[in-house]
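Summary of structural features
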Amino acid sequence: MVHAIRIHATGGPEVLRLDDIELAPPGPGEVRIRQRAMGLNFIDTYQRSGLYKLAALPAVLGMEGAGDVVALGEGVVDFSVGDRVAYGTELGGYAEERNVRADRIVPLPEAVSYETAAAMMLQGMTVRYLFRETFDVGPQTVMLFHAAAGGVGLIACQWAKALGATMIGTVGSPEKAALAQAHGCTHVIDYRTENFVERVRAITNGRGCDVVYDSIGRDTFPQSLDCLKPKGLWVSFGNASGPVPPFDLTQLKGSLFATRPSLMAYTATALQLRANAADLFAHVAAGRISIRVNQTYPLAEAERAHRDMEGRKTTGSSILVA
Ligand code: NDP
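Residues numbered from 1 in each chain as written. Predicted model: local features only at pLDDT ≥ 70, side-chain atom pairs only at ≥ 80, totals over all residues. Heavy atoms only, no water.

What follows is about the overall build of the protein chain. Scanning the protein chain from N- to C-terminus turns up eight helices and 16 strands. Its C-alpha radius of gyration of 20 Å places the protein chain within 12% of the 20 Å reference for a compact globule of 322 residues. Seen through its principal axes, the protein chain has C-alpha atoms that stretch 60 × 40 × 35 Å. Scored against the burial criterion, the 322 residues of the protein chain give a buried share of 56%. Carbon and sulfur atoms make up 53% of the accessible area of the protein chain, which amounts to about 13300 Å² in all. (Helix = DSSP H or I, 4+ residues; strand = E, 2+ residues; numbered from the N terminus. Rg over C-alpha atoms; globule rule 2.2 N^0.38 Å. Buried < 20%, exposed > 50% of the residue type's maximum accessible area, 1.4 Å probe, protein only. Areas by Shrake-Rupley, 256 points an atom, 1.4 Å probe, with all protein chains shown as cover.)

Structural data, given as structure tokens:
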């Protein structure tokens, strides 16, 4: 039996339950991991609330973790018992031990701790695809990035700086503004007290941004579109305030482009997953990106962690430890 946080029905943070579950031996192509740290991500709250539908309930929440391989399923040749590994896109993370497909995990370099890995796999790989694939960010790029002091946000600040881009970040408090700036964000806007469209227009001398990365959804739509230059790209990659409502295509005035990307699609093959993770690990190893684990909770306190995330109390990354 292992401890795991499951939901038996969708709802508020109170539906998170600490259960003892029986874990089957790893199936063909799977490994069993004794987890040392597990990532907390905003997507976990969407799955818990029912905004994103899970295939079956009860379900162990969580997409991300790091630990040691303790058993191998049939046919696994890439990993051995004792290997340190991590993953970021596999449901079932909030547990002391779990089985996971070997082609969805990556070996963890010695220099990267379990805690850092559990905090960065999902959020770091997201920034990687957003900046290297969804849009080719470079020194000429001017971007607007919402929630710049969050988990994805603080990694984005550092990655944008490493690429030489101009990043305008929005945040929900003066403390978060200072944090984003300290991590390399060029201009910071407190969107709870300032009109971010007007500020972006002023900062860019009326030109607008090349790309807007919007993970807020309902509360920043359609204003985010007004921050773009003609033919600019709106990247709607999250719903922290609720989903973007259905809208008329004519709202993409100025020949704007829109995309709704997901990490799963960008790391669908083992090759894509490993290339993305290798780039992320290289930036972390070189010190260009440091992962801020600003909240650590015991596994049993996942409910408190969800309340903090949804209450906008967290900054940087959050993890659970078993
Ligand atoms: P964060 O740490 O960024 O937390 C979310 C932040 O959103 C909050 O801290 C808050 O920051 C801001 N926010 C604005 N409005 C609200 C609201 N009404 N309720 C709660 N929070 C609000 O989370 P993550 O780093 O885990 O994820 C960031 C976003 O990226 C999420 O929307 C997530 O779903 C998305 N994402 C998408 C992926 C994809 O591939 N599509 C992959 C990974 C993440 P502030 O107070 O500063 O406004």
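Moving on from the coordinates now.
This paragraph deals with the pattern of salt bridges. Tallied over the entire structure, the rule returns 17 salt bridges. The closest approach of N and O atoms between Arg 307 and Glu 14, which form a salt bridge, is 3.9 Å. Note that Arg 307 is positioned in helix α8 (residues 302-310) and Glu 14 in the loop between β1 (2-7) and β2 (16-21), a separation of 293 residues in sequence. Residue Arg 307 is classed as partly exposed on the basis of its relative accessible area, which comes to 41%. With a closest N to O distance of 3.0 Å, Asp 279 and Arg 128 form a salt bridge. Of the two residues, Asp 279 is situated in helix α7 (residues 270-285) and Arg 128 in helix α2 (residues 114-134); the sequence distance between them amounts to 151 residues. Within this structure, Arg 6, Arg 17 and Asp 19 form a network of salt bridges that share partners. (Salt bridge = Lys/Arg side-chain N within 4 Å of Asp/Glu carboxyl O.)

Another aspect to go through is unusual backbone geometry. Trans peptide bonds make up the majority, and among non-glycine residues the majority have a negative phi. Between Leu 57 and the following residue, Pro 58, the backbone shows a cis peptide bond with an omega angle of -5°. Mapped onto the elements, Pro 58 comes out in the loop between α1 (42-49) and β4 (59-60). Positive phi, close to 55°, is recorded for Ala 147, a residue that is not glycine. Among the structural elements, Ala 147 can be located in the loop between β9 (142-145) and α3 (151-162). In the Ramachandran plot, Ser 255 falls in the positive-phi region, its phi being about 60° despite a non-glycine side chain. One can find Ser 255 in the loop between β13 (228-236) and β14 (257-259).

A few words now on the nonpolar core. Grouped together as the largest cluster of nonpolar side chains are 55 residues, with contacts concentrated most on Leu 108, Phe 131, Met 143, Phe 145, Trp 159, Met 167 and Tyr 213. For this core, the element with the highest residue contribution is α2, accounting for twelve residues. Each of domain 1 (2-120 + 292-321) and domain 2 (139-260) accounts for three or more of the residues forming this core. Setting aside anything within four residues of it in sequence, one finds Phe 145 in contact with Phe 131, Val 152, Gly 153, Ala 156, Met 167, Ile 168, Gly 169, Thr 170, Tyr 213 and Phe 237. Of all hydrophobic cores here, the second largest spans 21 residues; its members include Ile 21, Ala 59, Leu 61 and Ala 305. (Core = buried A, V, L, I, M, F, W, Y, C linked by side-chain atoms within 4.5 Å. Domains from an automatic or database assignment. Contact = heavy atoms within 4.5 Å.)

The next thing to look at is the domain arrangement of the protein chain. Taken domain by domain, the protein chain holds domain 1 (2-120 + 292-321) and domain 2 (139-260). Each of domain 1 and domain 2 was reduced to a C-alpha centroid, and the two centroids are 29 Å apart. Taken together, the contact pairs eleven residues of domain 1 with 16 residues of domain 2. Joining domain 1 to domain 2, the criterion identifies zero salt bridges. The interface formed by domain 1 and domain 2 contains eight residue pairs in polar contact (both at pLDDT 80 or more). (Polar contact = N/O pair within 3.5 Å; in protein donor to acceptor, adjacent residues only side chain to side chain.)

Now for the sheet that holds β1. Taken in spatial order, the three strands line up as β2-β1-β4 in an open sheet, and their pairing is antiparallel. Two strands lie at the open edges of the sheet, namely β2 and β4, each paired on one side alone. (Pairing = 2+ DSSP bridges.)

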